[in-house]
Each structure stands twice: as structure tokens, then as C-alpha cells.
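# Descriptive structure summary
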Amino acid sequence: MTASLFQPEFAYTSAPQRVVFGPDAQDHVAAEITALGRKRALVLTTPEQSAAGKGLLAALGTLGAGHCADATMHTPVEVTERLLAVLHDLQADCFVAIGGGSTTGLSKALALRTGLPQIVIPTSFAGSEATPILGQTEGGRKTTLTDPRVRPTVILYDVALVRTLPPHMVVASGMNAIAHAVEGLYARDRNPISSMMAIEGIKALASALPRLTSGAPTDHDWGEALYGAWLCGTVLGQVGMALHHKLCHALGGGFNLPHAETHAVILPHAVAYTEAAVPDLLRPVAAIFGTKTAYEGLTAFAQQIGAPTRLSAFGLTEADLPRALDLATANPYWNPRAVEPEPLAALLARALVGDPAQP
Ligand code: NAD
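Keep in mind that this is a model prediction, so the values were computed, not measured.

## Remarks on the site of the ligand
For the ligand, the set of nearby residues contains 26 residues, the closest of which are T46, S102, S124, T131 and T164. A distance of 3.3 Å separates an oxygen atom of the ligand from a polar backbone atom of H74. The contact in question runs from an oxygen atom of the ligand to an N or O atom on the side chain of S124, over 2.6 Å. Relative to its unbound accessible area of 860 Å², the ligand is 87% covered by the protein chains. Secondary structure elements with two or more residues in the shell around the ligand: α4 (101–114), α5 (159–162), α6 (167–185) and α10 (259–275). When residues of the shell around the ligand are assigned to their parent elements, the largest contribution, three residues, is made by α4. Taken together, the residues of the shell around the ligand sort by class into ten nonpolar, 13 polar and three charged. Looking at the shell around the ligand, you find at least three residues from each of domain 1 (18–161) and domain 2 (167–353).

## Focus on a nonpolar patch on the surface
Together, F6, F10 and Y12 give the surface a local cluster of nonpolar side chains, amounting to about 360 Å² of exposed area. Within the secondary structure, Y12 is located in the segment before β1 (18–21).

## Some details on the pattern of salt bridges
What the rule picks out here adds up to seven salt bridges. For the salt bridge of R18 with E32, the shortest nitrogen-to-oxygen distance reads 2.9 Å. Of the two residues, R18 is situated in strand β1 and E32 in helix α1 (residues 25–35); the sequence distance between them amounts to 14 residues. A network of salt bridges, in which partner residues are shared, links R211, D221 and E224.

## Describing the environment of R337
Position of R337 relative to the elements: it lies in the loop between α13 (321–329) and α14 (341–353). Distance in space between the C-alpha atoms of R337 and R190 is 16 Å, their sequence separation being 147 residues. The contact partners of R337, leaving out residues within four places of it in the chain, are Y273, T274, A277, P343 and P359.

## A look at α4
Each full turn of the α-helix corresponds to 3.6 residues, which orients residues three or four apart in the same direction. Here α4 is 14 residues long and its end C-alpha atoms lie 20 Å apart, about the 20 Å a rise of 1.5 Å per residue gives. Considered for burial, the residues of α4 that qualify are S102, T103, T104, G105, L106, S107, K108, A109, L110, A111 and L112. Backbone geometry just downstream of α4 places G115 in the positive-phi region, at approximately 75°.

## Section: the domain arrangement of the protein
Taken domain by domain, the protein consists of domain 1 (18–161) and domain 2 (167–353). Its C-alpha centre places domain 1 at a distance of 26 Å from the equivalent point of domain 2. Taken together, the contacts link 18 residues of domain 1 with 25 residues of domain 2. Both sides of the domain 1 and domain 2 interface together cover about 1,700 Å² of buried area, and 72% of this is carbon and sulfur. When the buried surface of domain 1 facing domain 2 is broken down by residue, F21, F125 and V159 rank first, second and third, together holding 41% of it. Counting every contact that joins domain 1 to domain 2 gives three residue pairs in polar contact (both at pLDDT 80 or more). Counting residues per element, the ones that place at least two in the side of domain 1 that touches domain 2 are β1 and β8 (154–157).

## Considering the side chain of H244
Locating H244 in the fold gives a position in helix α9 (residues 243–255). When its relative accessible area of 0% is taken as the criterion, H244 is described as buried. Setting aside its immediate chain neighbours within four residues, H244 contacts A179, E183, H263, I266, L267 and A270.

## Some thoughts on the sheet that holds strand β2 (residues 41–44)
The strand order across the open sheet formed by six strands is β1-β8-β5-β4-β2-β3, and the pairing between neighbours is parallel. Whereas interior strands pair on both sides, the edge strands pair on one side only; in this sheet they are β1 and β3 (64–68). Strand-to-strand, the axes of this sheet are offset by a mean angle of 15°, without reference to chain direction. Note: β1 against β8, four bridges, orientation parallel. Counted as the bridge partner of F21 is Y157 from β8. Each of β2, β3 and β4 (94–99) is contacted by helix α2 (residues 50–60), which is oriented at about 175° to β3, the strand it contacts most. Each of β1, β5 (118–122) and β8 is contacted by helix α8 (residues 219–236), which is oriented at about 165° to β1, the strand it contacts most.

## Focus: the packing of aromatic side chains
Per the stated rule, a full pass over the model turns up four aromatic pairs. When the ring of F21 is compared with that of Y157, the centres are 4.5 Å apart and the planes differ by 20°; the resulting orientation is stacked. Residue F21 is found in strand β1, and its partner Y157 is found in strand β8; the two are separated by 136 residues along the sequence. The exposure class of Y157 is buried, given its relative accessible area of 1%. Between Y227 and W230 the ring centres are 6.4 Å apart and the planes differ by 50°, which places this aromatic pair in the tilted class. A residue pair is termed a helical-turn pair when its members lie 3 or 4 positions apart in one helix, as Y227 and W230 do in helix α8 at three residues. Aromatic rings pair up to connect F21, Y157, Y227 and W230 into one cluster. The ring of F255 is capped by R323, whose NZ or CZ atom sits 4.4 Å from the centre of that ring.

Calculation rules
- Residues numbered from 1 in each chain as written.
- Predicted model: local features only at pLDDT ≥ 70, side-chain atom pairs only at ≥ 80, totals over all residues.
- Heavy atoms only, no water.
- Near = heavy atom within 4 Å.
- Polar contact = N/O pair within 3.5 Å; in protein donor to acceptor, adjacent residues only side chain to side chain.
- Areas by Shrake-Rupley, 256 points an atom, 1.4 Å probe, with all protein chains shown as cover.
- Helix = DSSP H or I, 4+ residues; strand = E, 2+ residues; numbered from the N terminus.
- Nonpolar A, V, L, I, M, F, W, Y, C, P; charged D, E, K, R; others polar.
- Domains from an automatic or database assignment.
- Patch = residues over 30% accessible without salt bridge, like charges linked within 9 Å, V, L, I, M, F, W, Y side chains within 5 Å.
- Salt bridge = Lys/Arg side-chain N within 4 Å of Asp/Glu carboxyl O.
- Contact = heavy atoms within 4.5 Å.
- Expected span 1.5 Å × (residues − 1).
- Buried < 20%, exposed > 50% of the residue type's maximum accessible area, 1.4 Å probe, protein only.
- Buried area = accessible area lost by both parts, 1.4 Å probe.
- Pairing = 2+ DSSP bridges.
- Axes fitted to C-alpha atoms, helices over the stretch in contact; angles between N-to-C directions.
- Phe/Tyr/Trp six-rings, centres within 6.5 Å; stacked < 30°, edge-to-face > 60°.
- Lys NZ or Arg CZ within 6 Å of the ring centre and 35° of its normal.

Here it is, written out as C-alpha cells:
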């Protein structure tokens, strides 16, 4: 019999958030706005997803205050401030974000500064919609804060909106979600509920992603992946992150590497680095992939779904490695295995060129 996830000591804080899975999310937005007691929503998208935003604004009629398609990666503060300046004229009293983590980021940044509620319709597997975490960039520096005001009030998950996610993003964003849950399993402040959600989230993505990346996926497959992303994001919102997320933040912020792809490359390496310190906590991951260790399972899975394997594909060079190491070891996040420069330098060198992960 496998052991339960019971821990003799833990703290669990649940947070209010309405989560709805089902078709025709856009048709339900008006009812959600009204249920929140709001009258005018500002619709947010990236430029690439502008058509979805325009469509929703038209459907909202008088409940729509406007549409802004300025959301962009890493949530630059100047974009947020530009929008704040026009918010009053638009008389918006809530936000509706349709998009991936970048659009959710803009919505969160506006909510932080205004206290207004947010409805998020996620279209990737980033999981940001389920967290009270906001990363913002100012003067070339990305900083992260946690504040209950940035947690979206309502999430509407609809497979119709995620089906258009480009194939490379399906893979990378799926690995990004799995990374939240894997690190949640060995987080210092994990609890039995976050661990349950982490295991179920990884299971859902491990089941759905291979079908999304080969053949003709069904709505059930897309829905299962969104379900996994929600669970993994919820884990991220509950516990502290460790070496994997630190490496990704250092590489993303320091070298402008793409967020989801960086997670996909780094995950097997970061887990290989850490696993010997917490083999029992990572056993459920190995069991899901049917391998001896979690890092071997993640390596094989990444290969199966065609995940990127080398940071050099995104412009990182050997000359960047010393600064990457400095950034990764400055103010390190707690990690089950101590973060030491020498093995970390070797990890980064392997991830640069796509050599296999090693303990
Ligand atoms: P993204 O939101 O930047 O999206 C990448 C591109 O894909 C964009 O052009 C977007 O418009 C497009 N796209 C997204 N969904 C699409 C769809 N269904 N169809 C067509 N195009 C689509 O990428 P992401 O990986 O979702 O988010 C990355 C950002 O999210 C980063 O800034 C990261 O820091 C943040 N993030 C934050 C948290 C948190 O809890 N605060 C968690 C995860 C990620």
C-alpha cells in the first residue's frame, strides 16, 4: 500500500476563487461581471490575440468599457502605468483578461494598483490565473511580489480558447505547469493538500500532453490539460519555489529568454540536481512516468512530447554562463540540496547545449 500524504505539521490556507470549467466561456462573462456587481469591464489581450478581445468587447455591449491589446511578456510597468492613466476616462470597474500568463500579468498589475476584480480566461497552461503572484519588469529588472489583491476573482476555463495555442507553446507551457507542481512536492511549506493537487496536476498533464502533440486531440484532451494547469498553478500559489524557478527567473530576467521554453529546458536538470536530497518526495513523479527516478521520467517525457532541450536555441551563449551563474546564485531560493556554484555551473553548461540531465 502506498503511504498517504499526511504530514504531522502543516499549515493550509485556502483562498476564495471561483473556477468554472465548460464551453462558451465568452457567453458567460456578462453574467460573471454582473454577479460581481460590476458594470464596465476593460478587456485585455496581447496584440496577437486582439481578435478574441474585440469579439468579447462586442459581445459585452454596454458592459464593455474598452479593449486594450498591449499585454506583453514580463509585465513592463510602463504599460501598466499607461493604462492606469486612461482607466478613469474609460470608467472601467473590472478587468477581463483573455490570454496566457502575460495577459494575466497585466490584469494582475492593474488589480494591484486599483483593487478592482478580475475575470481571467486562460489560453495557455502557465497557471498564473491561480496564483497571488505578480512578476513585473522595470528598468530591465524583473521582480516578483505576492499579494492577495492580484489573485483573480473568477477563472473561466474553456477549451475553445486554448485550442489555438501554437504547438511549440503547448509543449513548453505544459512543461511550465508541470514544473510548478514538481517544485511544490518538495517545497519547505508544502502541505498534504498542495501535494495532492501537485500529483493530480502532473498526472493530468502527463496524460493529455502526448495526445495534444500527436494526432488529433479531442476537447477532452484540451480540457484535461487545462485541469492540470489549474491544479499546478494552484500549487504554485500555495508554496515557495526552489532552484528550478530561481534558475528560470535568472535566465528569463537576465537574458530575456522565453519563459515557458526556459522552464521546459531546465526542469529535468533542476530535478536531477535536487532529487537525491528528497527521493521520497519525488517518488510520485517517478511513478507517474514509470521510471526509477523523477528526473529520468521528466527527461523521457520531454523527449516524447518534443520539448526544447537546449538554451542555445534561444540565444544563450557560452559567454553568458558566468553571469547566468552569478544571477542564479545571488539571493538563492531555499532548495532541498544546497545551491553550490560548481555543480550548478555544470548544470547550466549541460542545459546550454542539450546534454542529458545528470544528478
Ligand atoms: P504568453 O502569455 O506570453 O503567451 C505567448 C504568446 O502566445 C503570446 O503572443 C500570446 O498572445 C500567445 N497565445 C497564448 N495563448 C494563445 C492561444 N490559445 N492561441 C494563440 N496564441 C496564444 O506566455 P505564457 O507562457 O502563457 O506566460 C508567460 C508569462 O506568464 C511570463 O511573463 C511569466 O512570468 C508569467 N507567469 C506568471 C505566473 C505567476 O503566477 N505570476 C505563473 C506562470 C507564468
